[in-house]
Amino acid sequence: MDRFDRYREDVPGRANVADTPELVAYYRDLERLNAAALWTVANRIEPWEPASASVPVLWRYKDLREHVLRSVSLVTPEQAGRRVIYLDNPGRRDVSAAVGWLYSGLQVMDPGECASTHRHSAAALRFIMEGRGAYTIVDGHKMTLGPNDFVLTPNGTWHEHGVDADGTPCIWQDGLDIPLVNALEANFYEVHPDLHQAVIHPVDDSKTPLLKYEWGPTYEALQRLAKTTDGSPFDGVLMDYVNPATGGPVMPTIGASMQMLRPGEHTKAHRQTGSFLYQVAKGSGFSVIGGKRFDWNERDIFCVPSWTFHEHANASATDDACLFCFNDLPVMKALSLYREAPYRENGGHQRCTPAGSEASASG
Ligand SMILES: [Fe+2]
Ligand SMILES: [Fe+2]
């Protein structure tokens, strides 16, 4: 028989009601009326602090890449709609999230291929991982894309992706707020009536709205900033991508940043409300997430679940390392839910399980 008192806490101010035959009969009566006693669930639905269902995961590109490429011979973009292998967090399979309420996947296209134009209520971004000739068309603006370029498809915009016929196979990371929009029960999806859209503006013209953030100027700006600041003890030299019209985040629900860890840099640990997906844009190193060490190389992707301690380290003594990140901080901040706290023990560094033992947690 079900127990109704499994979330009891013997703490003043918390629900602490033991089941009795009389109470259980009462709870059963309430069930029949689609009602329930709050004290049977209060300690579960109001945890003392955020308890993320997401698991820290590192997706190694060298493991995933060949499987992503395999999909090219298995399905066409026409069949699949979008040919994407998505990152499936073991704690979030029910909502197809990579972490928290964020979705992410790796999309692959061969030269000459093009996915049909569509639009949806979810906001999307893509970060180019490899290949030559990739492009995205957003509301008639065509943008050519190279590795480490970052492009936006704000919610409601018509968009399609492809690779020029004289290009090479291209892989990019998609990032969307699909799970969040679904949780809010506000998701619409439409396929363009003509299946493809016309390019009605000069190629790469999109300064307003700014839809493409190129790697070259981004990296240059980071290097310049690194000369003038010590950066954050938790993030190194970090720059947010911003919407130039507002100075705010790139989209209402998704923020994005590029951060540089200088040679030998090892940040202190902190934790934040919000979910984070990182892609290693340059270099190699490791991050300690929730007390576990994850070693990363270029193109690896890893997640930091909400309210989980994390710190990052550059393994190189001579080269910088750069991490691209997208997150739901704009949501946290707009809803007044943002908090952060440093790790106070052990000089600000988590005691972690040794390198190598992360294998069981990696995707
Ligand atoms: Fe889309
Ligand atoms: Fe952080």
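Residues numbered from 1 in each chain as written. Chains lettered and ligands numbered in written order. Predicted model: local features only at pLDDT ≥ 70, side-chain atom pairs only at ≥ 80, totals over all residues. Heavy atoms only, no water.

## With respect to the coordination of the iron ion (ligand 2)
Six octahedral donors at a metal ideally form angles of 90 or 180 degrees, and four tetrahedral donors ideally form angles of 109.5 degrees. We count it as follows: Metal coordination here is assigned from N, O and S atoms located within 2.8 Å of the ion, or within 3.2 Å for Na, K and Ca; omission of water means that sites may look incomplete. Under the scheme used here, helices are H or I runs from DSSP no shorter than 4 residues and strands are E runs no shorter than 2 residues, and both carry numbers assigned from the N terminus. Classification of residues uses two cut-offs on accessible area relative to the type maximum, computed with a 1.4 Å probe and protein chains only: under 20% is buried, over 50% is exposed, and between them is partly exposed.
At 2.1 to 2.3 Å from the iron ion (ligand 2) lie its protein donor atoms, namely His270 (NE2), Gln272 (OE1) and His310 (NE2). Here the donor residues of the iron ion (ligand 2) are spaced in sequence according to H-x1-Q-x37-H. Within this pair, whereas Gln272 is found in strand β15 (residues 270-272), its partner His310 is found in strand β20 (residues 310-314), the two being separated by 38 residues in sequence. You'll find Gln272 and His310 in the same group, each marked buried.

## Some points on the sheet that holds strand β2 (residues 84-86)
Our working rule: In short, DSSP must find at least two bridges between two strands for them to pair. Pairs of residues are marked as contacts when any of their non-hydrogen atoms sit within 4.5 Å. For helices, the axis comes from a line fit to the C-alpha atoms of the stretch in contact; other axes are also lines fit to C-alpha atoms, and the angle between any two N-to-C directions lies between 0 and 180 degrees.
Read across the open sheet, the six strands follow the order β2-β3-β10-β5-β8-β12; overall the sheet is antiparallel. Two strands lie at the open edges of the sheet, namely β2 and β12 (212-213), each paired on one side alone. Sheet strands in contact with helix α3 (residues 61-74) are β2, β3 (103-109), β5 (124-130) and β10 (170-176), and its direction is about 55° off that of β3.

## So, the nonpolar core
Definition in use: Put simply, buried Ala, Val, Leu, Ile, Met, Phe, Trp, Tyr and Cys residues joined by side-chain atoms within 4.5 Å make one nonpolar core.
Counting residues in hydrophobic clusters, the biggest one holds 50 residues, and the most contacted among them are Phe150, Tyr241, Met258 and Phe324. Counting 14 residues, the second largest nonpolar core, distinct from the first, contains Tyr278, Ile289, Phe302 and Val304.

## Focus: helix α6 (residues 215-228)
Selection criterion: Here the expected length of a helix is defined as 1.5 Å per residue gap, with one fewer gap than residues. This arc is taken over the directions from the axis of the helix to the C-beta atoms.
Between its first and last C-alpha atoms α6 spans 20 Å; for 14 residues at 1.5 Å apiece the expected length is 20 Å, and the two agree. Turning to α6, its buried residues number three or more, namely Trp215, Thr218, Tyr219, Ala221, Leu222 and Ala226. The buried residues of α6 occupy an angular sector of 160° when projected down its axis, which confines them to one face. Looking at α6, the residues exposed on the side facing more than 90 degrees away from the buried face are Arg224, Lys227 and Thr228.

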